Amino acid sequence: MTAAAETPYAGYPGLLDEVRAHALDWLTGLPDRPVRPSADVKACLDALDRELPEHGEDARATLAALVAAVGPGLMASPGPRFFGWVTGGSVPAAMAADLMAVVWDQNAVLSEAAPAATAVERVAGRWLCDLLGLPVGSAVGFVTGAQMANFTCLAAARHAVLARVGWDVEEQGLAGSPGVRVVTGRDRHSTVDLALRYLGLGTGAIAEVDTDGEGRLDLRDLDRVLAVGGDVPTVVSLAAGNVNTGSYDDLRGGTDQGHAHGAWVHVDGAFGLWAGAAPTTRHHVDGVERADSWAVDGHKWLNTPYDSGFAVVADPAALAESMSQASSYVTYSDVVLDSNRLTPESSRRARGFAVWAALRSLGRSGVADLVERTCRHARTLAAAMSGVPGADVLNQVVINQVLVAFADDARTAAVLSALQADGTAYTTGTRWRGRAAIRFSVSNWSTADADVAATVDALRRAAAPAGGPGGR
Ligand SMILES: *Cc1c(COP(=O)(O)O)cnc(C)c1O
């Protein structure tokens with residue numbers, strides 16, 4: 001036998017020791033380092049933009065070079081005071097399982113290639129449906145995020161509504177078809193539009209429905225829009241969790257109206273569907289189980305590492321018909337639906353391990369607590385704005401989203417950049433109903449009361465009049 005030191009694997013212990021040290025450095029430093037990166041993308045390019053080396057080097061040297069080059073450009077977004085976009089961190093069990101997914105390097109394309117990864121996805125998928133109040137027999141495709149989940153679900157929808165009028169879109173394409181109309185609110189997420197472009201439907205397929213001041217669909221206008229559509233195959237896309245306000249469409253009413261017109265009803269609930277996992281927020285998703293498909297993320301509110309989203313479709317056949325491919329060298333399982341029949345991808349990493357681990361380590365009560373705690377932090381943040389001179393809360397804080405504006409757009413932008421530069425916390429901007437706003441999304445499992453208090457203090461400093469108290 002070859003001695004261990006001579007095998008290609010001999011370098012792993014030393015390499016993994018260094019991975020461990022770098023990982024601990026990063027993770028334990030998260031609460032204390034400035035949240036913003038110290039290098040912008042230009043500085044990162046300057047540090048990295050070298051010619052491809054002619055010759056290789058030891059893996060440890062490469063790891064050291066990577067850590068040194070990227071360190072200044074890392075955003076502490078997995079930490080407790082990052083509130084930009086809708087950004088979760090990673091609960092420890094999910095992070096650990098994702099590390100193992102990389103180490104095991106399974107190809108989750110097929111159950112023949114990765115039986116364990118496939119089984120884990122089927123079980124985690126069932127747990128997800130159970131937690132979120134979705135039909136437990138649904139098919140769950142593990143995709144990269146809600147963008148791809150919206151695309152995947154809407155592909156199943158396109159298949160189903162065209163099949164009902166005798167059109168096989170997988171074979172015949174769209175040219176010459178009766179077309180598909182997508183009825184959705186003005187405040188929908190932009191990934192719905194992009195999904196329709198991927199699907200060849202185009203944004204021209206959208207029939208817009210009016211929304212109210214919080215971004216919620218106006219059900220009377222939904223009826224009006226549905227009624228003018230005639231016999232065109234129709235998909236209704238509802239929103240559970242507006243990306244700015246956190247508001248919810250009336251899922252029960254919207255779904256029933258869509259179904260009364262023969263439509264397929266899809267729900268974009270990238271983060272908002274998680275309200276269904278907690279007793280005090282569940283009412284927001286009342287009726288959610290009546291829809292036909294749902295897009296939801298793992299990497300936002302569940303706090304799994306990137307990339308993790310779920311395309312959930314009540315009728316597994318509709319999803320499988322739209323995603324399956326026939327190939328001479330592929331054998332499908334007769335026990336489960338293979339993963340490449342549920343997602344647009346073929347070869348891919350086993351992203352289900354992290355999801356299974358997050359759900360198992362948190363349990364039903366842990367997920368509920370994560371949702372309720374972050375919502376409580378959002379309410380605390382919003383209430384504290386009364387102590388920040390000039391700050392206006394623009395939305396009803398129904399879940400974890402808070403929109404704050406100052407006297408005018410220029411002032412709001414100035415406060416936001418001062419907050420970002422301060423480094424205590426970090427968040428991002430948006431526009432809501434014609435006004436620039438600062439968005440806070442409290443989505444991280446590790447955010448504590450003290451982090452919220454420190455963030456309010458930082459905002460107070462950022463908003464202090466120049467030259468006035470605190471502005472010196
Ligand atoms: C974030 C988000 C998406 C897109 O999700 P990704 O995970 O970024 O692909 C879609 N819809 C809503 C409502 C979102 O908040």
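For clarity, every value in this text was computed on a predicted model and none was experimentally measured.

Some remarks on the pattern of salt bridges
Item 1. The final tally for this structure, using the stated rule, is 27 salt bridges.
Item 2. Here Arg-351 ties to Glu-345 by a salt bridge, and the two come within 2.9 Å at their closest N and O atoms.
Item 3. Relative accessible area serves as the criterion here: at 22%, Glu-345 is assigned to the partly exposed category.
Item 4. Here Asp-409 makes a salt bridge to Arg-431, at a shortest N to O gap of 3.0 Å. Of the two residues, Asp-409 is situated in helix H13 (residues 409-422) and Arg-431 in strand S10 (residues 428-432); the sequence distance between them amounts to 22 residues.
Item 5. Residue classification places Arg-431 among the partly exposed positions, given a relative accessible area of 49%.
Item 6. Salt bridges linked by common partners bring Asp-98, Glu-121, Arg-122, Asp-307, Glu-345, Arg-348, Arg-349 and Arg-351 together as one network.

Brief notes about the packing of aromatic side chains
Item 1. Overall, the coordinates contain 9 aromatic pairs when judged by the stated rule.
Item 2. Ring geometry for Phe-83 and Phe-440: centres 6.0 Å apart, planes at 65°, overall edge-to-face. Taken as a pair, Phe-83 in the loop between helix H3 (59-70) and helix H4 (92-104) and Phe-440 in strand S11 (residues 435-441) lie far apart in primary sequence, 357 residues in all. We note that Phe-83, like Phe-440, is buried.
Item 3. Every member of this aromatic cluster is reached through a ring pair, and the members are Phe-82, Trp-85 and Tyr-426.
Item 4. In this arrangement the basic side chain of Arg-341 is found over the ring face of Tyr-332, its NZ or CZ atom lying 4.4 Å from the centre.
Item 5. Here Arg-433 stacks its cationic end above the ring of Trp-432, 4.1 Å away from the centre of that ring.

Regarding a negative patch on the surface
Item 1. On the surface, Asp-168, Glu-170, Glu-171, Asp-315 and Glu-321 cluster together into a negatively charged patch.
Item 2. Following the sequence through the fold, Glu-321 ends up in helix H11 (residues 316-323).

Remarks on a nonpolar patch on the surface
Item 1. On the surface, a cluster of nonpolar side chains totalling about 420 Å² of accessible area is made up of Tyr-9, Tyr-12, Leu-16 and Val-19.
Item 2. With respect to the helices, strands and loops of the structure, Val-19 is situated in helix H1 (residues 12-29).
Item 3. When its relative accessible area of 34% is taken as the criterion, Val-19 is described as partly exposed.

Remarks on the sheet that holds strand S6 (residues 293-297)
Item 1. Taken in spatial order, the 7 strands make up an open sheet running S1-S7-S6-S5-S4-S2-S3, and their pairing is mixed. What marks the edges here is a single partner per strand, and that holds for strand S1 (139-143) and strand S3 (206-209). Ignoring strand direction, the axes of neighbouring strands in this sheet form an average angle of 20°.
Item 2. Where strand S2 (residues 181-185) and S3 come together, 4 bridges link them in parallel fashion. Each bridged residue has a counterpart across the sheet, and for Val-183 the counterpart in S3 is Ala-207.
Item 3. Running over the sheet, helix H5 (residues 115-132) touches S1, S6 and strand S7 (309-313) and is turned about 110° from S1.
Item 4. Across the sheet, helix H9 (residues 219-227) lies against S2, S3 and strand S4 (234-239), angled at about 150° from S3, the strand it touches most.

Topic: H4
Item 1. Taking 1.5 Å of rise per residue, 13 residues should cover 18 Å, and H4 covers 18 Å from first to last C-alpha, within 8% of that figure.
Item 2. Tucked into the core, H4 has its buried residues touching helix H12 (352-384).
Item 3. Asp-105 lies just past H4 and shows a positive phi near 50°.

With respect to the confidence of the model for the protein
If pLDDT is low for a region, its predicted coordinates should not be looked at in detail.
Item 1. The share of residues in the protein with pLDDT of 70 or more is 97%, and the mean pLDDT across the chain is 95.
Item 2. Contacts from residues 467-472, a stretch scored under 50 in pLDDT, to residues over four places away or in other chains number 5 contacts.

As for unusual backbone geometry
Item 1. Looking along the chain, the bond that leaves Tyr-306 and enters Asp-307 is cis, with omega of -10°.
Item 2. Mapped onto the fold, Asp-307 is located in the loop between S6 and S7.
Item 3. In the Ramachandran plot, Trp-85 falls in the positive-phi region, its phi being about 40° despite a non-glycine side chain.
Item 4. Locating Trp-85 in the fold gives a position in the loop between H3 and H4.

Here is what the cut-offs are and how they apply
- Residues numbered from 1 in each chain as written.
- Predicted model: local features only at pLDDT ≥ 70, side-chain atom pairs only at ≥ 80, totals over all residues.
- Heavy atoms only, no water.
- Salt bridge = Lys/Arg side-chain N within 4 Å of Asp/Glu carboxyl O.
- Buried < 20%, exposed > 50% of the residue type's maximum accessible area, 1.4 Å probe, protein only.
- Helix = DSSP H or I, 4+ residues; strand = E, 2+ residues; numbered from the N terminus.
- Phe/Tyr/Trp six-rings, centres within 6.5 Å; stacked < 30°, edge-to-face > 60°.
- Lys NZ or Arg CZ within 6 Å of the ring centre and 35° of its normal.
- Patch = residues over 30% accessible without salt bridge, like charges linked within 9 Å, V, L, I, M, F, W, Y side chains within 5 Å.
- Areas by Shrake-Rupley, 256 points an atom, 1.4 Å probe, with all protein chains shown as cover.
- Lys, Arg positive; Asp, Glu negative; His and termini not counted.
- Charge placed at Lys NZ, Arg CZ, Asp CG, Glu CD.
- Pairing = 2+ DSSP bridges.
- Axes fitted to C-alpha atoms, helices over the stretch in contact; angles between N-to-C directions.
- Contact = heavy atoms within 4.5 Å.
- Expected span 1.5 Å × (residues − 1).
- pLDDT = per-residue confidence, 0-100.

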